[in-house]
Amino acid sequence: MSLSPRNATLLSLVLPGSAHLALGKPVRGVVAMVTTLALFFIGWSVLRDRLWFFQYVAPPGFLKPVFALLPLHLLPEGLNVAAAAVASFLRAPESYATERLMRMPVVGEHWAMMLTGASGVMSVLWAADAHWLARATPTARVAPAFAAFASWLVPGLGHALAGQKSKGWLMGAAVAIVFTLGLAISSGHGVDRQFFGLWWSGAALFAPGLLVVSLWTGPLQLVNEIPPLLDFGVALCTCAGLMNAMVISDAYSVAERGSLPTANEPAGAAA
């Protein structure tokens with residue numbers, strides 16, 4: 001089946017893996033579904049309606065059906081449209097009126113939020129991969145979407161795989177230093193979704209930080225004396241995530257340029 005890059009991207013965002021199946025890549029399609037839908041529902045099985053405590057806006061009654069289909073008021077999970085929409089439809093009606101219960105932490109919620117949040121990022125990466133496949137461009141040294149994924153896991157690794165090691169490690173070190181400073185200044189509370197939900201979504205673009213926070217600093221209790229520079233630490237952690245978003249995007253572009261033919265080179269001759 002032939003898909004335009006735009007349609008492949010949209011189809012993949014709506015249901016991860018579907019575009020890959022349509023493009024004749026069944027293995028990639030199954031992996032895309034597992035790494036997005038499965039991750040989300042494993043985390044959701046712990047959080048359930050508690051997940052909606054972290055939405056950015058509470059949609060008014062007449063807009064609830066729209067937000068149920070496109071739950072973009074919950075990021076990054078909302079980028080995994082199909083899974084978030086199913087969770088929205090499964091939401092208990094009474095949860096709209098019981099915010100106090102939704103505020104109560106649940107056991108294991110930090111690693112569960114790591115999984116649901118990661119599923120949203122993975123959805124975007126798989127959509128980028130579907131776009132690349134639909135373009136039918138020459139084979140790259142490393143698939144651009146994989147370079148982007150590698151840079152999300154280890155900032156700079158995507159550049160290294162695409163042949164720009166020095167640039168990659170320099171950018172990765174900058175991201176890691178800013179994030180570490182943010183955690184240190186905030187005494188480990190720089191990324192806590194319960195208190196700083198929107199900021200958490202930005203920091204989630206730095207996967208190692210998300211892992212550290214979910215397994216180590218997230219469960220820490222913010223009691224007694226609040227760190228004097230807590231807000232600054234939160235801002236630094238989020239800046240690190242946004243910096244890594246640029247690293248991820250650049251890694252995609254570097255890998256993409258490595259596969260495109262030069263002006264004097266036919267398309268089929270590109271590496």
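This one's a predicted model, so the numbers in the text were calculated from it and none came from an experiment. (Residues numbered from 1 in each chain as written. Predicted model: local features only at pLDDT ≥ 70, side-chain atom pairs only at ≥ 80, totals over all residues. Heavy atoms only, no water.)

Draft legend 1. Spotlight on the overall build of the protein chain. Scanning the protein chain from terminus to terminus reveals 13 helices and zero strands. Helices and strands appear in the protein chain in the N-to-C order α-α-α-α-α-α-α-α-α-α-α-α-α. Considering the protein chain as a whole, with its 271 residues, one finds that 47% of them fall into the buried category. Here the contacts in the protein chain between residues at least 6 apart in sequence split such that 71% fall between residues at least 24 apart. Surface accessibility of the protein chain: about 13000 Å² in total, with carbon and sulfur atoms responsible for 71%. (Helix = DSSP H or I, 4+ residues; strand = E, 2+ residues; numbered from the N terminus. Buried < 20%, exposed > 50% of the residue type's maximum accessible area, 1.4 Å probe, protein only. Contact = heavy atoms within 4.5 Å. Areas by Shrake-Rupley, 256 points an atom, 1.4 Å probe, with all protein chains shown as cover.)

Draft legend 2. Molecular detail of the packing of helix H1 (residues 5–14) against helix H7 (residues 109–135). H7 packs onto H1 with a crossing angle of 155° between their chain directions and a minimal axis gap of 8 Å. By the angle between their directions, the pair H1 and H7 is classed as roughly antiparallel. In the packing of H1 onto H7, the handedness of the crossing is right-handed. Residue-level contacts link Pro-5, Arg-6, Ala-8, Thr-9, Ser-12 and Leu-13 of H1 to Ser-123, Val-124, Trp-126, Ala-127, Ala-130, His-131, Ala-134 and Arg-135 of H7. For the contact of H1 with H7, the residue count by class is eight nonpolar, four polar and two charged. (Axes fitted to C-alpha atoms, helices over the stretch in contact; angles between N-to-C directions. Parallel < 35°, antiparallel > 145°, perpendicular 65-115°, else oblique. Left-handed = near helix turned anticlockwise from the far one by under 90°. Nonpolar A, V, L, I, M, F, W, Y, C, P; charged D, E, K, R; others polar.)

Draft legend 3. Looking closely at the confidence of the model for the protein chain. In this model, the protein chain carries a mean pLDDT of 83, and residues with pLDDT of at least 70 account for 86%. Of all secondary-structure elements in the protein chain, the lowest mean pLDDT belongs to helix H6 (residues 99–103), at 62, while helix H8 (residues 144–153) reaches the highest, 93. Below a pLDDT of 50 lies the segment residues 261–271, which in the model reaches 15 contacts outside its immediate sequence neighbourhood of four places, other chains included. (pLDDT = per-residue confidence, 0-100.)

Draft legend 4. Quick peek at the packing of aromatic side chains. One pass over the structure, following the stated rule, counts six aromatic pairs. With 5.1 Å between their ring centres and 85° between their planes, Phe-40 and Phe-41 make a pair best called edge-to-face. We classify Phe-41 as partly exposed; its relative accessible area is 28%. Between Phe-146 and Phe-149, the aromatic rings sit 6.2 Å apart at their centres with planes inclined by 45°, giving tilted as the arrangement. Taken together, the positions of Phe-146 and Phe-149, both in helix H8 and three residues apart, correspond to about one turn of that helix. Phe-146 sits in the partly exposed class, given a relative accessible area of 45%. In this arrangement the basic side chain of Arg-48 is found over the ring face of Trp-44, its NZ or CZ atom lying 4.5 Å from the centre. (Phe/Tyr/Trp six-rings, centres within 6.5 Å; stacked < 30°, edge-to-face > 60°. Lys NZ or Arg CZ within 6 Å of the ring centre and 35° of its normal.)

Draft legend 5. Summary view of the environment of Ala-162. Here Ala-162 is to be found in the loop between helix H9 (157–161) and helix H10 (165–185). The sequence separation of Ala-162 and Ala-143 amounts to 19 residues, and the corresponding C-alpha distance is 8.8 Å.

Draft legend 6. Structural detail: the side chain of Asn-244. Within the fold, Asn-244 resides in helix H13 (residues 230–257). You can call Asn-244 buried: its relative accessible area is 0%. Contact partners of Asn-244, with chain neighbours within four places excluded, come to Ser-151, Trp-152, Pro-155, Val-175, Leu-205 and Phe-206.

Draft legend 7. Representation of the packing of H10 against H13 in the model. Interhelical geometry of H10 versus H13 gives an angle of 165° and a closest axis separation of 7 Å. On the basis of their axis angle, the class for H10 and H13 is roughly antiparallel. With respect to the hand of their crossing, H10 and H13 are arranged in left-handed fashion. Mapping the contact onto sequence places Lys-167, Met-171, Ala-174, Val-175, Val-178, Phe-179, Leu-181, Gly-182, Leu-183 and Ile-185 in H10 and Phe-232, Gly-233, Leu-236, Cys-237, Ala-240, Met-243, Asn-244, Val-247, Asp-250 and Val-254 in H13. Residue composition of the contact of H10 with H13, by class: 15 nonpolar, three polar and two charged.

Draft legend 8. Up close: a nonpolar patch on the surface. There is a patch of nonpolar side chains on the surface, built from Leu-69, Leu-70, Leu-72, Leu-79, Phe-89 and Val-124 and spanning about 550 Å² of accessible area. Note on placement: Leu-72 falls in the loop between helix H4 (64–69) and helix H5 (81–89). Its relative accessible area of 45% is what places Leu-72 among the partly exposed residues. (Patch = residues over 30% accessible without salt bridge, like charges linked within 9 Å, V, L, I, M, F, W, Y side chains within 5 Å. Salt bridge = Lys/Arg side-chain N within 4 Å of Asp/Glu carboxyl O.)

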